[in-house]
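Structural overview
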Amino acid sequence: MQDVLYRIASKLQQKEFARTSILSGEWRRISSSASEFWNVWEYISEVDAVLQKHQNKVVEALQFDPGSISRLQDMQLCFVSLSSPPPWFKGFPNLKRLHLQILQDNRKDLEHLLSLCRALEWLCIDRCNLEDDELTVDTPLSRLTYLRVERCRLTKIRFNAVNLATFEYDGNFIPIDLVSSFKLKSANIEFDEAVFHHALVSLLNGLPNVQNLTLKIGLLHLEKQWLWDNALKFSNLRNLQLSMFIWRKYVDKILYAVSFLRATPFIEKLEVHVSDITCFSMVFNSIILILAILFGTRFVIQN
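What comes next concerns the included structure. Just so it is clear, the structure is predicted and the values come from calculations on it, not from any experiment.

Parameters and conventions
Residues numbered from 1 in each chain as written. Predicted model: local features only at pLDDT ≥ 70, side-chain atom pairs only at ≥ 80, totals over all residues. Heavy atoms only, no water. Salt bridge = Lys/Arg side-chain N within 4 Å of Asp/Glu carboxyl O. Helix = DSSP H or I, 4+ residues; strand = E, 2+ residues; numbered from the N terminus. Buried < 20%, exposed > 50% of the residue type's maximum accessible area, 1.4 Å probe, protein only. Pairing = 2+ DSSP bridges. Contact = heavy atoms within 4.5 Å. Axes fitted to C-alpha atoms, helices over the stretch in contact; angles between N-to-C directions.

Here we come to the pattern of salt bridges. Tallying each qualifying case throughout the model produces 13 salt bridges. R158 serves as the salt-bridge partner of D138, at 3.0 Å between the closest nitrogen and oxygen. With D138 in the loop between β4 (129–137) and β5 (146–150) and R158 in strand β6 (residues 153–159), the pair connects residues that are 20 residues apart, well separated along the chain. Given the relative accessible area of 46%, D138 is considered partly exposed. Exposure remark for R158: the relative accessible area of 23% places this residue in the partly exposed category. A salt bridge links E190 to K216; its shortest N-O distance comes to 3.9 Å. Of this pair, E190 sits in strand β9 (residues 186–195) while K216 sits in strand β10 (residues 212–221), placing them 26 residues apart in sequence.

See below:
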C-alpha cells in the first residue's frame, strides 16, 4: 500500500503533495517526511535522466558530487575501474550494500575503496581480477554481516569484520583469514581443488569461530598417510556438511581424512555427500567406523 502512495506522490508537485496530509493518517506519515522523500526522488530522477541519454552507449566516466555520494545506500558496479578518484572523494559514508563485478584493478585501489565504506552491511565481490594478489582489508568494517567472494583471482583473503555472520567463497584454494569474526555463524566454502587436510587446517586457522560450516571440494586429494595432530579446535562448530569427489585410488585412505573430527569436540550434526557412487559404500563404512570409535552415536550422516 505504501509503495502505491509513494508512486502517486511522485506524480504530484511538491505543494500538491503537501496538501495530501488531510486525506488519511497514512498520507500524513508520508507527507511528514516530504523533504526527505523529494530529495531522494529528485536524485533518482536525475540519475534516470542521465542514463536515458546514454542508453545503448558506452559510459567512460560517471561522476557524483559529494551530496549525491552521501545519499547512496545500495550500489552495483560492473566493468569499472576504481583508480584515480577525485581529490575530494572520501568514500561512501552511508553505503550499506555493495556488489562489485568484473573489475580490472590492483589490490590497493579495491582495498582503499572498501576502507572508505565503513557503513557496509552486505558485500559481494564477483569475478574481479586482482592480478593474482591478496585482498587485505584491515580497516574495521564493524557493520559488515554478509561477505561473498566468488571466482576472483586472489592468493589470500583477510577482512577485519567483527560482526560478520555469513561468509561465502567459491574459487581456488587460498588462505582465508577471518579470525576477528567472532560471531561467524555460517561459512559456505567451495574449493575447485585441494588436498583435504591442507584445506581443513587452513580453515581451522582462518575461521576458528565458525558455527556452521559447509565445505565442498570439487577435486579432492588425500595424503598417503596422515593423522590429525593439530592442537587447534573448532570450538564453536556445531554443524558440518562435507561434499567431495573421492577418487577410487584414495578410498583406502579415508580413515586418515576423517580423523580431523578430533578437532570438532562439540559437533552435533555431520552430513557427508560423496560424488563417486562406485566407492560410496567403502567410504560410508569407514566413516561410520571412525565415528563410532571417536564419538559414539551423536551424528546424523546423510548422502
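The next subject is the sheet that holds strand β8 (residues 176–177). The strand order across the open sheet formed by 3 strands is β4-β6-β8, and the pairing between neighbours is parallel. The outermost strands of the open sheet, each flanked by one partner alone, are β4 and β8. Bridging between β4 and β6 involves 5 bridges; their strand directions are parallel. Directly across from D133, in β6, lies its bridge partner L154. Against the sheet, helix α6 (residues 107–115) makes contact with β4 and β6, and its axis sits at roughly 35 degrees relative to β4, the strand it touches most.

Honestly, it's all geometry; don't read function into it.
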